[in-house]
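The lines below spell out each chain.
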Amino acid sequence: AAHRLSLYPKSKILFLAPTKPLAEQHFAVLKKHLDITEIVLFTGAVSPAKRAELWGNARIIIGTPQGIENDVLGDRIAIQDISLLILDEAHHATGDYSYTFIAKQYLKYAKFPRILGLTASPGSDLEKVKEICANIFAEAIEVRTFTDPDVSMYIKEINTEWIDVHLPEEFK
């Protein structure tokens, strides 16, 4: 996000998360770690008129997808000014979920398009993964596992003990 803002100083970053608590968590982390004061949180608790007002001076907007979809439909935000669209929990980008609509509109109008989809659970169904990739216009996929160097430092050791349990016939 910081890199995109340095490349396109007059642009904005839009970071979406599917729930208000997750959006609030991202808001707190970005406020703590970025030297940018114009970070705003758009959730259903913020009126559409207030979101339109806050949009003007914001550099990074963290929000929930349904509210942003309504703002795009209501022409309250300038989606063309976004240089990075981040979709957290991108596995939701199926069917008529707001991520799908927002990604299409963004790619249609953005001056400097870049979409980053994040998910820890893309699913095991190849067709669903292909649908997600198509809906967010993924050109490249990076996979991380718990053994990758940039991830392993954050993984707590898990001790697993498997215990066979023989169920009575009536439970089977």
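Right above here is the structure, for reference.
Note that the coordinates shown come from a computational prediction; the quantities given were computed from them, not determined experimentally.

Thresholds applied
- Starting from 1, residues in each chain are numbered consecutively following that chain's sequence as written.
- For this predicted model, a pLDDT threshold of at least 70 governs which residues receive local features, and a threshold of 80 or more governs which side-chain atom pairs are given and counted, while totals over whole chains, interfaces and linings are taken from all residues.
- Based on all heavy atoms of the structure, the side-chain values leave hydrogens and waters out of the count.
- Angles shown run from 0 to 180 degrees and are taken between the N-to-C directions of axes, each axis being a line fitted to C-alpha atoms and, for helices, limited to the stretch in contact.
- Secondary structure counts use DSSP, requiring at least four H or I residues in a row for a helix and at least two E residues in a row for a strand, with both numbered from the N terminus.
- These descriptions rest on fixed angle ranges, namely under 35 degrees for roughly parallel, over 145 for roughly antiparallel, 65 to 115 for roughly perpendicular, and the rest for oblique.
- Should the near helix be turned anticlockwise from the far one by less than a right angle, the crossing is termed left-handed; should it be turned clockwise, right-handed.
- Only heavy atoms enter the contact rule, under which two residues are in contact if any of them lie within 4.5 Å.
- The span one expects for a helix is its residue count, reduced by one, times 1.5 Å.
- A simple rule labels every residue: compare its accessible area, found with a 1.4 Å probe on the protein chains alone, to the largest value its type can have, and call it buried under 20%, exposed over 50%, or partly exposed in between.
- This arc describes the spread of directions from the helix axis toward the C-beta atoms.
- The definition of a polar contact used here is a pair of N or O atoms within 3.5 Å, where within protein one atom must be able to donate a hydrogen and the other to accept one, and adjacent residues in sequence count solely through side-chain atom pairs.

A.B. asks: It is not clear to me how the packing of helix α4 (residues 65-73) against helix α5 (residues 98-109) should be interpreted in this structure. Could you clarify?
C.D. replies: If you want to describe how two helices pack, look at the angle between their axes and the distance between the axes. For the pair α4 and α5, the least separation of the axes is 9 Å and the interaxial angle reads 40°. With respect to α5, the element α4 is oriented oblique. The interaxial crossing formed by α4 with α5 has left-handed handedness. Across from Pro 65, Gln 66, Ile 68, Glu 69, Val 72 and Leu 73 in α4, the residues of α5 making contact are Ser 98, Tyr 99, Phe 101, Ile 102 and Gln 105.

A.B. asks: Quick question: what am I supposed to make of helix α2 (residues 20-33) here?
C.D. replies: Residues spaced three or four apart along an α-helix face the same direction, because each turn holds 3.6 residues. Counted at 1.5 Å a residue, the expected span for α2 with its 14 residues is 20 Å, and the 20 Å between its end C-alpha atoms agrees. What α2 keeps buried is the set Leu 22, Ala 23, His 26 and Leu 30. Within α2, the buried residues cover an arc of 100° as seen down the axis, which keeps them to one side. Across from the buried face of α2, at angles greater than 90 degrees, the exposed residues are Pro 21 and Lys 32. Where α2 begins, the capping side chain belongs to Thr 19, and its oxygen is found 3.2 Å from the backbone nitrogen of Leu 22.

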